[in-house]
Amino acid sequence: MIAALDGAIVYRRAAGLADRESRRPVRSDDCFRLASMTKAIVSVTALALVDLEVLRLEDPVTRWLPEFRPRLETGREPVITLHHLFTHSAGLTYGFLEAPDGPYHQLGISDGLDQAPVTLHENVRRIAAAPLLFEPGERWNYSVGVDVLGAVIERATGSTLPEAVRKFVSEPLAMDSLEFVAPRERFIVTAYADAEPVPVRMSNPYRLSFVGGTIDYAPERAFDRNAFPSGGTGMVGDAIDYLRFLEAIRTGGAGVLEAATAAAMTRSALGELGPSPGCGFGLGVQVLADPVAAQTAMNPGSWSWGGVYGTHFWVDPAAALTVVVLTNTGLAGTFGEFPSALQRAAYPNT
């Protein structure tokens, strides 16, 4: 865990075991599977292209991916914009949010956590073949939208998604650990899943029940150079680099984004639509509107997200507070009492 107050690191601690079986302790520079914390990084990559006037938020996805033409169950083909992809309002979903016989499973769509033998563009083709859940812009629904956005980035830049992320985000911010594929010589903490009395080591693959479906993990994906670069879930990295990334956005873009673009990213772009009570959604992150409804001590305007390998972060601009928490246990490191207790500790007077 690492926390910064007004840009200065005020807390940094590595605790617990990176590998329970060998008793190797966690170190402060260890790399973790970021899962959906990848989304903010890929969203910033796309927003950098917006600043360069290569992309526009109102662009139809078909401008860049003419083949991406998903339809509603009625058969009508609506217009999906890049804004819909950023904000999870396109009518797409995730396979782990649907029943085992749902269309994403039937079409073999990867959520980006497994080692499905597909390319990014083949996966996007399959996504386009699934029926949309609703009219774009009508609702918020967590989805593979940022994976589609990754394919847009590739088409718009003529480079791979990892190359684009490196050029527009990682290199300007000197973040060496943030990658889609880790070299074998780099240690990545072992992945575990919730279990009693102690977490269980994830096999490869590993299936975990989640909401109405199951999450299909493949921890070895982090080293697989044949795995497609998932803009939604595919990166690894360490806490200090991710803090550096968040601080760049909190302080107005830090040469990666224009200040107005960084501000737009971190305010609600959907009004009252969002993932949970009291929360809206910006261009890649959840945005807090009502702390009482959300049952949190964070201040309004705080933005956050997490990943299902056991990671989460929050940025509270009013308090100038940025916190990155990387664990190797899903889902306890992301949801529930552990993150709630950390937030209570960070705001002791509330």
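Residues numbered from 1 in each chain as written. Predicted model: local features only at pLDDT ≥ 70, side-chain atom pairs only at ≥ 80, totals over all residues. Heavy atoms only, no water.

Moving on: the pattern of salt bridges. In total, this model carries 17 salt bridges according to the counting rule given. Among the ionic pairs, E58 bridges to R56, the shortest N-O distance being 3.9 Å. A residue is classified by how much of its surface remains accessible, and R56, at 41% relative accessible area, is partly exposed. A salt bridge links E77 to R69; the shortest N-O distance between them is 2.7 Å. Take E77: its relative accessible area is 29%, and that puts it in the partly exposed class. The class for R69 is partly exposed, based on a relative accessible area of 40%. Shared partners join several salt bridges into a network, and the residues in it are R56, E58, D59 and R63. (Salt bridge = Lys/Arg side-chain N within 4 Å of Asp/Glu carboxyl O. Buried < 20%, exposed > 50% of the residue type's maximum accessible area, 1.4 Å probe, protein only.)

Before going further, it helps to spend a moment on the packing of helix α1 (residues 38–51) against helix α8 (residues 239–250). Where α1 meets α8, the axes come as close as 11 Å, and the angle between the chain directions of the two elements is 45°. Considering the angle they form, α1 stands oblique to α8. When you trace α1 past α8, the crossing you get is left-handed. Contacts from A40, I41 and V44 of α1 reach α8 at Y242, F245 and I249. Here the residues of the contact of α1 with α8 sort into six nonpolar, no polar and no charged. (Axes fitted to C-alpha atoms, helices over the stretch in contact; angles between N-to-C directions. Helix = DSSP H or I, 4+ residues; strand = E, 2+ residues; numbered from the N terminus. Parallel < 35°, antiparallel > 145°, perpendicular 65-115°, else oblique. Left-handed = near helix turned anticlockwise from the far one by under 90°. Contact = heavy atoms within 4.5 Å. Nonpolar A, V, L, I, M, F, W, Y, C, P; charged D, E, K, R; others polar.)

Further remarks concern a nonpolar patch on the surface. A surface patch of nonpolar side chains, amounting to about 270 Å² of accessible area, comprises L5, V10 and Y11. Here L5 lies in strand β1 (residues 2–5). For L5, a relative accessible area of 41% corresponds to the partly exposed category. (Patch = residues over 30% accessible without salt bridge, like charges linked within 9 Å, V, L, I, M, F, W, Y side chains within 5 Å. Areas by Shrake-Rupley, 256 points an atom, 1.4 Å probe, with all protein chains shown as cover.)

Once that is clear, we can look at the nonpolar core. In terms of nonpolar packing, the biggest core is built from 99 residues, with F68, L92, Y242, F245, F313 and V324 touching the most fellow members. In this structure, L92 is in contact with F68, L85, Y104, I127, L132, L133, N141, Y142, S143, V144, G145 and V148, ignoring residues within four places of it in sequence. Counting 10 residues, the second largest nonpolar core, distinct from the first, contains C279, W314, L321 and Y347. (Core = buried A, V, L, I, M, F, W, Y, C linked by side-chain atoms within 4.5 Å.)

On to unusual backbone geometry, then. The amide bond that connects N204 to the next residue, P205, takes the cis arrangement and shows omega of 5°. Mapped onto the fold, P205 is located in the loop between β7 (200–201) and β8 (206–210). The omega angle of the peptide bond from G330 to L331 is 15°, so this bond is cis rather than trans. The topology assignment puts L331 in the loop between β16 (329–330) and α11 (337–346). The backbone of A254 sits at a positive phi, close to 45°, despite the residue not being glycine.

A separate point is the packing of aromatic side chains. Taken as a whole, this structure holds 13 aromatic pairs when the rule is applied. A ring pair is formed by Y94 and F96, whose centres lie 4.6 Å apart and whose planes are at 15°; its orientation type is stacked. Grouping residues by exposure puts Y94 and F96 together as buried. Cluster of aromatic residues (ring-pair linked, three or more members): Y94, F96, W140, Y142, F210, F281, W305 and F335. Note that R20 overlies the ring of Y192, its terminal NZ or CZ placed 5.9 Å from the centroid. Here the basic side chain of R33 rests over the ring of Y309, its NZ or CZ set 5.8 Å away from the ring centre. (Phe/Tyr/Trp six-rings, centres within 6.5 Å; stacked < 30°, edge-to-face > 60°. Lys NZ or Arg CZ within 6 Å of the ring centre and 35° of its normal.)

Two modes of strand pairing occur in sheets, parallel and antiparallel, and in both the strands are linked by backbone hydrogen bonds. A sheet is described by the order of its strands in space; here seven strands give the open sequence β2-β1-β15-β14-β13-β12-β11, paired in antiparallel fashion. Both edges of this open sheet fall to β2 (8–12) and β11 (279–281), since each of them pairs with a single strand only. Along the sheet, successive strands turn relative to each other by an average axial angle of 20°, direction set aside. Here β1 runs beside β2; their pairing, made up of four bridges, is antiparallel. In the sheet register, L5 faces β2, and the bridge partner there is A8. (Pairing = 2+ DSSP bridges.)

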